[in-house]
Each structure stands twice: as C-alpha cells, then as structure tokens.
Amino acid sequence: MTDNVWTRWPSREALSRRGVSGARRALGWCGRLFAAGMLLWTTFTGGRLAMWGAAAAAAGVLVCGVAGWAFFRTTLHHRLLPSAALLTGLLGLALVGHLSGLRIPALVLWCACAVVAMERLPLAVAVPAAGVGLGAYAAVNNDAWLTTVATTVGIALAGYVLRLDAEARGGALRLLAQERAARVAEAESAALAERTRIARDIHDVLAHSLSAQLAHLEAARLLIESGAERDKILERVVAARGMAREGLAETRQALSALRGEMSPLEDFLSELVATADRADVTVSGERTPLPAEASQAVRRVAQEAMTNVRKHAPGAKVHIRLEYAEHQVMLDVRDSGGSPGELTGTGAGYGLLGMRERAELLGGSLEAGPGEEGFVVTLKVPV
C-alpha cells in the first residue's frame, strides 16, 4: 500500500535536529533570537501599552514561547490533535494581539505559524493552517495587493522548502543508519565465515592426521596378531606417535596460515616429498600469490594423496606437479601403482570426499581415479 503524501508526516529524523551541523544550529538560534528581540521591541516600544497592558503582552509572549516549544515536541512524536490544538491556539493569540493593537507582532506570529505548519505537519493539515495564517496576514496587511500576494506565496514556499530540506536530511540519516547496520551485519557475516573456514581447515588437518595414525596402529595390530617381532611393532607405534605430533604441528600451521603467516607452497610440497622414499615435485608456470583458502586446499589435497599412496600402494613412485595457469592453480598427484598394502582396507574413504567438497566451495574441482599406471588426483582451484 502506497503512502499518501497528504496524510504522511515528515519523518522523525527530519523533525529532529539530528544531523544538523553546529554552524547551522548556531545560525538558526541567532535568527530566532533576532526575531524574538524584534518582536519584543515592537511590542513594548509602541507607547500605547499601559502597565497592565505591558504585563498582559509579556504574559502573551511567554505563552507563545511555551506553546511553540510544545508544538515542536508534539509534532516530533507525530501527535496530530495536540499539534493542531497548539497551532490553533497560536493563531488565536495572534488575533488577540492584533485586536489589542499589536499589529506587527500579530503579523509575525501568523507568518511563523504558516511556516512551521508547512514544515512540520501533514500537508492535509498544514495547507489549511498555513492558509488561515497567511489569509489573516493578507487581510490586515496595509501593503499593496501585489506585494501582499508575493509575500504570502513566498512565505508558503519557504515553509515547503524547509520541509523538503528537512526530509532530505532525514532521508540521509536513515540511509546512514542502514549503511551502518549493513556494515555491522557484513562484519558479523565475515566473522562467521572466518570461524567456519578455520573449523573446516582444522577438521581437515585432524582428519588427515588421525587417518595416518589409524593406519599405523592398524598395522601394529596386524603385526601383533601375526606374532611379528617386537621391534617391528614398536616401529609402527612410534610412527603413530610421530603422526600425532605432526597433526598438532599441522594444526598450528593451519592457524598460522589463516592469519597470513604461511610458508611458500613450493617449500611445503618439497618438505612433503622429502619424507617419502620415491617422490618428487615439479613446479611450472608463473608463481601467483594464492588466497589462504586456496593454498590450504592444495596443501591438504597433497597430504591426503600421499597418505593414500602409503596406505594403498606402498613403495610406489609418486610424482607431484604444481602448475600455475591463468586464473587458476592445478595440483596433479599420480603414483606408479603397486601391490595393495596391508592397510588397504583401513579408513572410511572420506578424505578425498572432504577435499572435493572444499574444492567445490572455492569454485574449483577435484578428480580422483585410476590412471594409466596407478592412481591420479587432480585439483583445480581458481585464483
């Protein structure tokens, strides 16, 4: 339902003084004080007021001031009946002043009522009220009719211009408040996304570490069941403990990477293949700085692929290729294949599935399957 322009109040932001500069406020107060001083001067220097008349005039000025303040408060809270009653009272006081011989103060008060009505009331009420005030002004004014018409029209337009100016200021304040709220919501969303990213990365690190530990512990169990020598069993237990330590170190590394304190990706891959017997890495293309999430995805996929080789094709030769292309980075991990290891049946198979989900969240892709000789894992991430 559209808002009716005739019954719509000016916004509370427009009726308040919020957003008004200090210089503009000072100028407004100077104008009000000057007008009040001139009104008092013309009221009490006419020479036609006796002592009781001067007291009545002073009381009338005080009542006008209080009624004007109350009018500003009631219009600020969009209370129509009290506002209309106060404005009617002010117009009546101007009439009483005119009948008492205070012509100039009455003219000023009628014009002021017309201006504030156009500025602060719904137009359905403001136009008739301004018409009454300006009609009274035109009826008692002694100027030429053309001057009177021009004055009344100018006063009405001045009130409406003040209304438009206040509405523009109120609209700017509302837009500013909405922008601030949007920034707060954006900051909260970014914080939530950051927490989700950290949780996902730590999950991947721990999943990789625990999977490797499980592989070594499962090997130790099989050795125990087969009656193997104590040194071989101990070797598997020590390896599991080493994987636990590596998992903690990788968790710290993930947090450091998310803070922007990551080592170069090429150095990470070189350290990764250094722990394997038959593995190498090659890098091609012009190196491009990667976002934290993209870099972490490449690292996690490389680790998961190496873990799968140790589990399913122990002793196989592994070749890792990192290629920087236009707008994307590609990681290709392929092994030469081999006989299934004793840990082939361990694990739930969720490692590469999690990596595929991570790649899709980044707008990339992950393909894993048999190659010409062994198994191939290919990750593509946009940068």
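Quick summary incoming for the structure in this document. (Residues numbered from 1 in each chain as written. Predicted model: local features only at pLDDT ≥ 70, side-chain atom pairs only at ≥ 80, totals over all residues. Heavy atoms only, no water.)

### Looking at the packing of aromatic side chains
Two measures describe an aromatic ring pair: the distance that separates the ring centres and the angle between the ring planes.
Here's step 1: Scanning the model with the defined rule gives 1 aromatic pair in all.
Here's step 2: For the pair F71 and F72, a centre-to-centre distance of 6.3 Å together with 80° between the ring planes defines the contact as edge-to-face.
Here's step 3: Residue classification places F71 among the buried residues on the basis of a relative accessible area of 1%.
Here's step 4: In this structure F72 comes out as partly exposed when scored by relative accessible area, which is 30%.
Here's step 5: Geometry around F268 places R299 over its ring, the cationic atom sitting 5.1 Å from the centre. (Phe/Tyr/Trp six-rings, centres within 6.5 Å; stacked < 30°, edge-to-face > 60°. Buried < 20%, exposed > 50% of the residue type's maximum accessible area, 1.4 Å probe, protein only. Lys NZ or Arg CZ within 6 Å of the ring centre and 35° of its normal.)

### Here's the deal with the pairing of strand β5 (residues 375–382)
Along a regular strand, successive side chains alternate from one face of the sheet to the other.
Here's step 1: Here strand β3 (residues 328–335) runs beside β5; their pairing, made up of 7 bridges, is antiparallel. Across the sheet, residue V329 finds its bridge partner in β5, namely V381.
Here's step 2: With 6 bridges connecting them, strand β4 (residues 365–370) and β5 associate as antiparallel partners. Counterpart to G369 in the pairing with β5 is V376.
Here's step 3: Between the antiparallel neighbours β4 and β5 lie 4 residues. (Pairing = 2+ DSSP bridges. Helix = DSSP H or I, 4+ residues; strand = E, 2+ residues; numbered from the N terminus.)

### Looking at the pairing of strand β1 (residues 279–284)
Here's step 1: The pairing of β1 with strand β2 (residues 318–325) spans 6 bridges and is classified as parallel. Its bridge partner lying in β2, A279 is registered against V318.
Here's step 2: Taken together, β1, helix α10 (residues 292–312) and β2 form a β-α-β motif whose crossover is left-handed. (Right-handed = clockwise from strand over helix to strand, strands pointing away.)

### Structural notes on the sheet that holds β4
Here's step 1: Spatially, the 5 strands line up as an open sheet ordered β1-β2-β3-β5-β4, and their pairing is mixed. Sheet topology places β1 and β4 at the edges, where each strand pairs with a single neighbour. Strand-to-strand twist of the sheet, defined as the mean angle between neighbouring strand axes without regard to direction, takes the value 10°.
Here's step 2: The strands that helix α9 (residues 265–274) touches are β1, β2 and β3; relative to β2, the one it contacts most, it runs at about 175°. (Axes fitted to C-alpha atoms, helices over the stretch in contact; angles between N-to-C directions. Contact = heavy atoms within 4.5 Å.)

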